[in-house]
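# An overview of the molecular structure
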Amino acid sequence: MLTPLILSGGSGTRLWPISRRNLPKQFLSLAGSDTLFQQTLRRAMALPGATSPIVVASDEQRFLAAEQLQELGIEKPGILLEPVARNTAPAIAVGALEALARDPDPILLVLPADHLVTDTAAFADAVARAMPLATDGWLVTFGIRPDRPETGFGYIRRGADLGQQVFRVEEFVEKPVLDVARGYVDSGRYDWNSGMFLFRASRYLEELQEHAPAMLAAARKAYENANTDLDFTRLQADAFATAPSDSIDYAVMEKTSRAAVVPVSCGWSDIGSWDALWMAADKDDNGNHLEGDVLAIDTRGSLVRSHDRHLVATVGLDDVVVVTTPDATLVARRDASQDVKKIVEQLKSAGRSEHDLHRVVRRPWGSYAQLESGDRFQVKRIVVKPGAALSLQMHHHRAEHWIVVKGVAEVTCDDKVFLLAENESTYLPLGSRHRLRNPGKVPVELIEVQSGSYLGEDDIVRFDDVYGRAGTVG
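Nothing here was measured: the structure is a model prediction, and the numbers come from that model. (Residues numbered from 1 in each chain as written. Predicted model: local features only at pLDDT ≥ 70, side-chain atom pairs only at ≥ 80, totals over all residues. Heavy atoms only, no water.)

### Structural notes on the overall build of the protein
Note the threshold: Runs of E in the DSSP output that reach at least two residues are strands. Runs of H or I that reach at least four are helices, and both are numbered from the N terminus. Whether two residues are in contact is decided by their heavy atoms, any of which lying within 4.5 Å being enough. Residue-level accessible areas treat just the shown protein chains as cover; the underlying method is Shrake-Rupley with a 1.4 Å probe.
A count of helices and strands for the protein gives 11 helices and 30 strands. Over its C-alpha atoms, taken along the principal directions, the protein stretches across nearly 75 × 60 × 40 Å. Across the protein, every contact between residues at least 6 apart in sequence was considered, and the portion connecting residues at least 24 apart equals 68%. Of the roughly 21000 Å² that the protein leaves accessible, carbon and sulfur atoms contribute 49%.

### A word on the sheet that holds strand 14 (residues 289-291)
The condition is simple: Paired strands are those between which DSSP finds at least two bridges. To obtain an axis, a line is fitted to C-alpha atoms, over the contacting stretch when the element is a helix, and the angle between two such axes runs from 0 to 180 degrees between their N-to-C directions.
The strand order across the open sheet formed by four strands is 14-16-18-19, and the pairing between neighbours is mixed. Looking at the sheet topology across the chains shown, the edges are occupied by strand 14 and strand 19 (328-333). Strand-to-strand, the axes of this sheet are offset by a mean angle of 5 degrees, without reference to chain direction. Here three bridges tie strand 16 (residues 303-305) to strand 18 (residues 320-325), and the two strands are oriented parallel to one another. Across the sheet, the residue bridging to Arg305 is Val323, located in strand 18.

### Comments concerning the UniProt feature "domain: Nucleotidyl transferase" (unreviewed entry) in the protein
Selection rule: UniProt positions are given in the numbering used here, feature names are shortened, and annotations may be inferred rather than shown by experiment.
If you check UniProt for "domain: Nucleotidyl transferase" (unreviewed entry), the listed places come out as residues 4-284 in our numbering. The span residues 4-284 is 36% helix and 25% strand, and its two end C-alpha atoms sit 36 Å from each other.

### Some points on the environment of Pro83
Cut-off, in case you're wondering: Only protein chains enter the accessibility calculation, which uses a 1.4 Å probe; a residue whose area is less than 20% of its type maximum is buried, one above 50% is exposed, and one in between is partly exposed.
Following the sequence through the fold, Pro83 ends up in the loop between strand 3 (78-82) and helix 3 (88-102). The exposure class of Pro83 is partly exposed, given its relative accessible area of 35%. Counting along the chain gives 19 residues from Pro83 to Arg102, while the straight-line C-alpha distance between them is 23 Å. When residues no more than four places from it in sequence are discounted, the contact partners of Pro83 are Leu235, Gln236, Ala237 and Phe240.

### What about the packing of aromatic side chains?
The criterion, for reference: Only rings of Phe, Tyr and Trp enter the pairing, Trp through its six-membered ring, and a pair is recorded when the two centres are within 6.5 Å. The plane angle decides the type: under 30 degrees is stacked, over 60 is edge-to-face, the rest tilted. Lysine NZ or arginine CZ positioned within 6 Å of the ring centre and within 35 degrees of the ring normal marks a charge as sitting over the ring.
Under the criterion given, the structure shown has 11 aromatic pairs. Relative to Phe142, the ring of Phe123 has its centre 6.5 Å away and its plane inclined at 45 degrees; by these criteria the two rings are tilted. Of this pair, Phe123 sits in helix 4 (residues 120-135) while Phe142 sits in strand 6 (residues 139-144); the two residues are 19 residues apart in sequence, bridging distant segments of the chain. Centre to centre, the rings of Tyr184 and Tyr190 are 4.0 Å apart; their planes meet at 20 degrees, and the pair counts as stacked. Judged by its relative accessible area of 14%, Tyr184 is buried. Classification of Tyr190 by relative accessible area gives buried; the value is 10%. The aromatic ring of Phe167 is capped on one face by Arg158, whose charged end is 5.3 Å from the ring centroid. In this structure, Arg433 packs its charged tip against the face of Phe463, placed 3.6 Å from the ring centre.

### What to know about the UniProt feature "domain: MannoseP isomerase/GMP-like beta-helix" (unreviewed entry) in the protein
The sites that UniProt annotates as "domain: MannoseP isomerase/GMP-like beta-helix" (unreviewed entry) are residues 292-347. Span residues 292-347 is 14% helix and 41% strand, its end C-alpha atoms 26 Å apart.

### Considerations on the nonpolar core
Stated precisely, the cut-off is as follows: Residues belong to a common nonpolar core when they are buried Ala, Val, Leu, Ile, Met, Phe, Trp, Tyr or Cys residues joined through side-chain atoms within 4.5 Å.
Leu109 and Trp274 are the most contacted members of the largest nonpolar core, which has 88 residues in total. By residue number, the principal contributor to this core is helix 4, which donates seven residues. In this structure Leu109 touches Leu2, Thr3, Pro4, Leu5, Ala44, Leu47, Phe123, Val127, Phe142, Phe197 and Leu198, once residues within four positions along its chain are discounted. Core analysis: the next-biggest nonpolar cluster, separate from the first, contains 41 residues, Leu80, Leu205, Leu235 and Met253 among them.

### Remarks on the sheet that holds strand 27 (residues 425-428)
Taken in spatial order, the six strands make up an open sheet running 20-21-22-29-24-27, and their pairing is antiparallel. Lying at the two open borders of the sheet, with one neighbouring strand each, are strand 20 (360-363) and strand 27. Strand-to-strand twist across the sheet, computed as the mean angle between neighbouring axes with direction ignored, equals 20 degrees. Judged from the eight bridges that link them, strand 24 (residues 398-406) and strand 29 (residues 444-452) form a sheet pairing that is antiparallel. Note that in strand 29 the partner of Arg398 across the bridge is Gly452.

Now the structure itself:
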């Protein structure tokens, strides 16, 4: 049995402003109509013998993962929720425990959710070449054949040939400086470390027991004391937090005596920066990748991305990145795009929200968008999916007005329940217990006007919630 284990907890800060904490790059459509997460799932599920996947996600991204799995029609996936980020080694450990609960000894295909692979046939061939060694107890990784010296990736030095173009790992190498990277590429003995792996679940846990027993103990305790929440498995928070934060490379792969590497050229990219996305994207005759309403004059080697109908015009620019969203615009040299994360760090330290939320914020029931705000007021556009409902909630510091502009909404306000049709409105006093539900078959859209002394999202007390958030604040 081949069980895909998808690691989807990354934040993608180098792709700001479109990738943010509440909607990171793996859940975005950056290369094709499917998101990177969905492309990874399709790639894994197309392999011979593949079973329903296991996904390790952060608690904040659980509904994004569930919705995108549902869009692909994938039934009964296992979605494990990390209460805190602990790097890849503990995440794979709980995934291995979940896989062993399904099957006596499955083979795990570990894939990051945010990578791009354009040659799926070459990828499938690499997995087929790795299968015999994984079945025999080896821990196999996939090395990407380098087409340029790259300082942003770790490297793997190939050792003895084990047959079928599979090699013993001789050494894992940290990200090199440029001259050293050139030497690696020229030698022909090094591949990029892709972060993709294939091994028996039991073998990984055996190696973890030998090299990082405290990590395995914490992961096992967190898994065995997990709670079921809707379709999710919530790992026990205190136990998981005690696991040392470490990557699979440091915890296991650099220490095991049975590490193998399969070199492959499969159109791989980690989409780790705007420059990486430009390299992976289709380009015009001037080497530009243009998306949206863009007018590029005397512009070459650039990535320009416009949001919606917002015109972006460039003149006389080479090798730049210009990206707009409703609330932010990025302009950078392409070769400096790895430093975009510094913007995110400054936004965090300044207490600004642009690193965290988009203007349109997705929720399990739909979405909301902030339209206007000022002293003691805020205006939002709210969209509720058919059959969905917000939590029964109240606010300590604000009152709200709801005006329905599309569909029919069911409103609960204290002891009253009534329908609100298009062009009708209602007032929800400060302190009232209220809920919005869509009983129909088309989305409900409404305008919400908030007024009060404090309008933050943490002024929400939930009493009842179909998405398991009752009792939470914010």
